[in-house]
Amino acid sequence: MYAIVKTGGKQYKVAPGDKLNIEKLEAEVGAKVELEAICIVDGDKVEVDPTKAAATKVTAIVLEQFKGEKQLVFKFKKRKNYKKMQGHRQQLTRVQIEAVGSAKAEKKAAKKAAPKKAAKAEEPATEAAE
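Now for a look at the structure at hand. (Residues numbered from 1 in each chain as written. Predicted model: local features only at pLDDT ≥ 70, side-chain atom pairs only at ≥ 80, totals over all residues. Heavy atoms only, no water.)

1. Focus on the packing of aromatic side chains
(1) Moving on: Evaluation of the coordinates by the stated rule reveals 1 aromatic pair.
(2) Moving on: Taking the centre distance of 6.3 Å and the plane angle of 15 degrees together, the rings of F74 and F76 count as stacked.
(3) Moving on: For K13, the ring lying beneath its charged end belongs to Y2, and the centroid distance is 4.3 Å. (Phe/Tyr/Trp six-rings, centres within 6.5 Å; stacked < 30°, edge-to-face > 60°. Lys NZ or Arg CZ within 6 Å of the ring centre and 35° of its normal.)

This is the structure in structure tokens:
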């Protein structure tokens, strides 16, 4: 299962366990944050309606706050003796995706899968007893 989340004006494809660098979030290290999902893909089912996908929660843990690499900005106009160089370092946040989807939805999926396996296991046992 993975999701497309939107944060900082950009979109990212995330799955549980992924680590990614996003634009700075106002959260402390170790805090849990929720990201806005715009698309959810769960095997055979794809939810692309942003309003329905937003109901699905994507939780992440903030690992660190840091500055990115320096980006050089160079302005130049030929024959005008105009040159200007500036640098910029973007403030970033490294997060680790903890879960895609609510815990309730995952528990429901697990409960649905478990009885089917248990039912299959019981059927051969009753046939063998007869």
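2. Examining the side chain of T7
(1) Moving on: Positionally, T7 belongs in strand β1 (residues 2-7).
(2) Moving on: Non-local contacts of T7, meaning those with residues more than four positions away in its chain, are made with Y12, I22, L25 and L35. (Helix = DSSP H or I, 4+ residues; strand = E, 2+ residues; numbered from the N terminus. Contact = heavy atoms within 4.5 Å.)

3. Observations concerning a nonpolar patch on the surface
(1) Moving on: On the surface, a cluster of nonpolar side chains totalling about 490 Å² of accessible area is made up of L72, F74, F76 and M85.
(2) Moving on: At 3 residues, strand β6 (residues 58-77) tops the list of elements feeding residues into the nonpolar patch.
(3) Moving on: Inspection of the secondary structure puts L72 in strand β6. (Patch = residues over 30% accessible without salt bridge, like charges linked within 9 Å, V, L, I, M, F, W, Y side chains within 5 Å. Areas by Shrake-Rupley, 256 points an atom, 1.4 Å probe, with all protein chains shown as cover. Salt bridge = Lys/Arg side-chain N within 4 Å of Asp/Glu carboxyl O.)

4. As for unusual backbone geometry
(1) Moving on: Unlike most non-glycine residues, R79 shows phi in positive territory, near 60 degrees.
(2) Moving on: Turning to its location among the elements, R79 is positioned in the loop between β6 and β7 (82-100).
(3) Moving on: Look at N81: it is not a glycine, yet its phi comes out positive at around 55 degrees.
(4) Moving on: Tracing the backbone through its elements, the reader meets N81 in the loop between β6 and β7.
(5) Moving on: The exposure class of N81 is exposed, given its relative accessible area of 75%. (Buried < 20%, exposed > 50% of the residue type's maximum accessible area, 1.4 Å probe, protein only.)

5. Some remarks on the nonpolar core
(1) Moving on: Ranked by size, the top nonpolar core spans 19 residues in total, and within it V14, L20, V58 and I97 carry the most contacts.
(2) Moving on: Contributions of two or more residues to this core are made by β1, β2 (10-14), β3 (19-23), β4 (32-42), β6 and β7.
(3) Moving on: When neighbours within four sequence positions are excluded, V58 is seen to be in contact with A3, V5, V14, V33, E34, L35, A37, I97, A99 and V100. (Core = buried A, V, L, I, M, F, W, Y, C linked by side-chain atoms within 4.5 Å.)

6. Digging into the pairing of β6
(1) Moving on: For β4 and β6, the ladder comprises 4 bridges, and the chain directions are antiparallel. Its bridge partner being in β6, L35 is matched across the sheet by V58.
(2) Moving on: Relative to β7, β6 runs antiparallel, the two being bridged by 17 bridges. Following the sheet pairing, A60 is matched in β7 by I97.
(3) Moving on: Remark: 4 residues form the turn of the hairpin made by β6 and β7, two consecutive strands paired antiparallel; R79 in that turn has positive phi of roughly 60 degrees. (Pairing = 2+ DSSP bridges.)

So far we have only geometry, and geometry alone does not tell us how the molecule works.
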